[in-house]
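Close look at the chain arrangement
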Amino acid sequence: MSSSILTARNLSKVVASAEGELTILHDLSLALNRGDSLAIVGSSGSGKSTLLGLLAGLDLPSNGTVALAGHDLAALDEDQRARIRAEHVGFVFQSFQLLDSLNALENVMLPLELEGHADARQRAHALLERVGLGQRLTHYPRQLSGGEQQRVAIARAFVAEPDVLFADEPTGNLDSHTGERISDLLFELNRERGATLVLVTHDERLAHRCQRLIRLEGGHLVDHVEP
Ligand SMILES: Nc1ncnc2c1ncn2[C@@H]1O[C@H](COP(=O)(O)OP(=O)(O)OP(=O)(O)O)[C@@H](O)[C@H]1O
Ligand SMILES: [Mg+2]
């Protein structure tokens, strides 16, 4: 049996722009096994967030296929993809995307409540303690600093113990000490639970803790480093 959790074949993404069609991702293929960790690096505009969105099934490619936990994402409708994501995926967005009307604890509880877990509050509380926000449980996103919001977003992505954790610049707004703590937490989940990590990062230290690294340039995969 293959232990492949995520396979992308010949992915491209073409978007409409004022100058006509623009290819922002060119024919990219990739396969990850359970427990792998992958860093995606490249300069601003090189296609990193685009690739992450395609791999997580948040967006569909113009060409090519993504298989996540054995499901061909293109063969599913939006509701079915949402279900696969809820079951298998945690996602930390570059822009956090916390719900403004929910406090920190409620934001982190949400994925568990959607799945009907009775212990949502305890698990969310424990995880917020772990990211250093035990004293900020009832703060709303607007009452939190950028780095604190980022840590809430990371706790929310972790709380349902996903098979694959996608994170777009998870340490981007954090000082180096807090960033290191968050990196440790990511790799603990990777080690303890066999979660696969797919991280977009400009943080060299974080990138080098990953087993594999790919570099994008203008939507092309230009470098693929494996151990
Ligand atoms: N829907 C869209 N329509 C047109 N262009 C787009 C669209 N989405 C992304 N792009 C363009 O595609 C390129 C890649 O965008 P992407 O967000 O993937 O870059 P990135 O590598 O994540 O950059 P950053 O490091 O700044 O976050 C950019 O030049 C962006 O302007
Ligand atoms: Mg980006």
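Please read all numbers here as calculations on a predicted model, not as lab measurements. (Residues numbered from 1 in each chain as written. Chains lettered and ligands numbered in written order. Predicted model: local features only at pLDDT ≥ 70, side-chain atom pairs only at ≥ 80, totals over all residues. Heavy atoms only, no water.)

1. Things to note about the packing of aromatic side chains
- Taken as a whole and assessed by the stated rule, the structure comprises two aromatic pairs.
- These aromatic residues form a ring-pair network of at least three members: Phe91, Phe93 and Phe166. (Phe/Tyr/Trp six-rings, centres within 6.5 Å; stacked < 30°, edge-to-face > 60°.)

2. Considerations on the environment of valine 66
- Structurally, valine 66 is set in strand 4 (residues 63-68).
- Judged by its relative accessible area of 3%, valine 66 falls in the buried class.
- Along the sequence, valine 66 and glycine 20 sit 46 residues apart, while their C-alpha atoms lie 26 Å from each other.
- Once residues within four sequence positions are removed from consideration, valine 66 is found in contact with Leu6, Thr7, Ala8, Leu11, Leu54, Leu55, His71, Asp72 and Leu73. (Helix = DSSP H or I, 4+ residues; strand = E, 2+ residues; numbered from the N terminus. Buried < 20%, exposed > 50% of the residue type's maximum accessible area, 1.4 Å probe, protein only. Contact = heavy atoms within 4.5 Å.)

3. Observations regarding the site of ligand 1
- Inspection of the region around ligand 1 gives Val15, Ile24, Ser43, Ser44, Gly45, Ser46, Gly47, Lys48, Ser49, Thr50, Gln94 and His202 as its neighbouring residues.
- Glycine 45 is positioned with one of its backbone polar atoms (N or O) 2.8 Å from an oxygen atom of ligand 1.
- Interatomic distance of 3.0 Å between a backbone N/O atom of glycine 47 and an oxygen atom of ligand 1.
- In isolation ligand 1 exposes 640 Å². Once the protein is present, 59% of that is buried.
- The greatest single-element share of the shell around ligand 1, amounting to three residues, is contributed by helix 1 (residues 48-55). (Near = heavy atom within 4 Å. Polar contact = N/O pair within 3.5 Å; in protein donor to acceptor, adjacent residues only side chain to side chain. Areas by Shrake-Rupley, 256 points an atom, 1.4 Å probe, with all protein chains shown as cover.)

4. A few points about the packing of helix 3 (residues 104-114) against helix 5 (residues 146-158)
- Taken N-terminus to C-terminus, the directions of helix 3 and helix 5 make an angle of 25°; their axes are 7 Å apart at the nearest point. In terms of their interaxial angle, helix 3 and helix 5 are classed as roughly parallel. In this structure, the crossing between helix 3 and helix 5 has a hand that is right-handed. Between helix 3 and helix 5, the contacting residues are Ala104, Asn107, Val108 and Pro111 on the first element and Val152, Ala155 and Arg156 on the second.
- In terms of residue class, the contact of helix 3 with helix 5 is made up of five nonpolar, one polar and one charged. (Axes fitted to C-alpha atoms, helices over the stretch in contact; angles between N-to-C directions. Parallel < 35°, antiparallel > 145°, perpendicular 65-115°, else oblique. Left-handed = near helix turned anticlockwise from the far one by under 90°. Nonpolar A, V, L, I, M, F, W, Y, C, P; charged D, E, K, R; others polar.)

5. Here's the deal with the sheet that holds strand 2 (residues 20-33)
- Spatially, 2-1-4-5 is the arrangement adopted by the four strands of the open sheet, whose pairing is antiparallel. Where the open sheet ends on each side, the last strands, each with one partner, are strand 2 and strand 5 (71-72).
- Each of strand 1 (4-17), strand 2 and strand 4 touches helix 1; the most contacted strand, strand 1, lies at about 125° to it. (Pairing = 2+ DSSP bridges.)

6. Some details on the coordination of the magnesium ion (ligand 2)
- At 2.0 to 2.6 Å from the magnesium ion (ligand 2) lie its protein donor atoms, namely Ser49 (OG) and Gln94 (OE1). Of this pair, serine 49 sits in helix 1 while glutamine 94 is found in the loop between strand 6 (89-92) and helix 3, placing the two residues 45 residues apart along the sequence.
- Judged by relative accessible area, which is 33%, serine 49 ranks as partly exposed. (Donors = N, O, S within 2.8 Å, 3.2 Å for Na, K, Ca; no water.)

7. Notes on helix 4 (residues 120-130)
- When helix 4 is considered as a whole, its buried residues turn out to be Ala120, Ala124, Leu127 and Leu128. Buried residues of helix 4, viewed axially, fall in a sector of 100°; they line one side.
- On the buried face of helix 4, the contacting elements are helix 3 and helix 5.
- One or two positions beyond helix 4, positive phi appears at glycine 132, with a value near 85°. (Arc of directions from axis to C-beta.)

8. A few points about helix 5
- For helix 5, which comprises 13 residues, the first-to-last C-alpha distance of 19 Å matches the rise-based estimate of 18 Å (1.5 Å per residue) to within 8%.
- Most of helix 5 sits inside the fold, with 12 of its 13 residues counted as buried.
- Turning to helix 5, its buried residues are Gly147, Glu148, Gln149, Gln150, Arg151, Val152, Ala153, Ile154, Ala155, Arg156, Ala157 and Phe158. (Expected span 1.5 Å × (residues − 1).)

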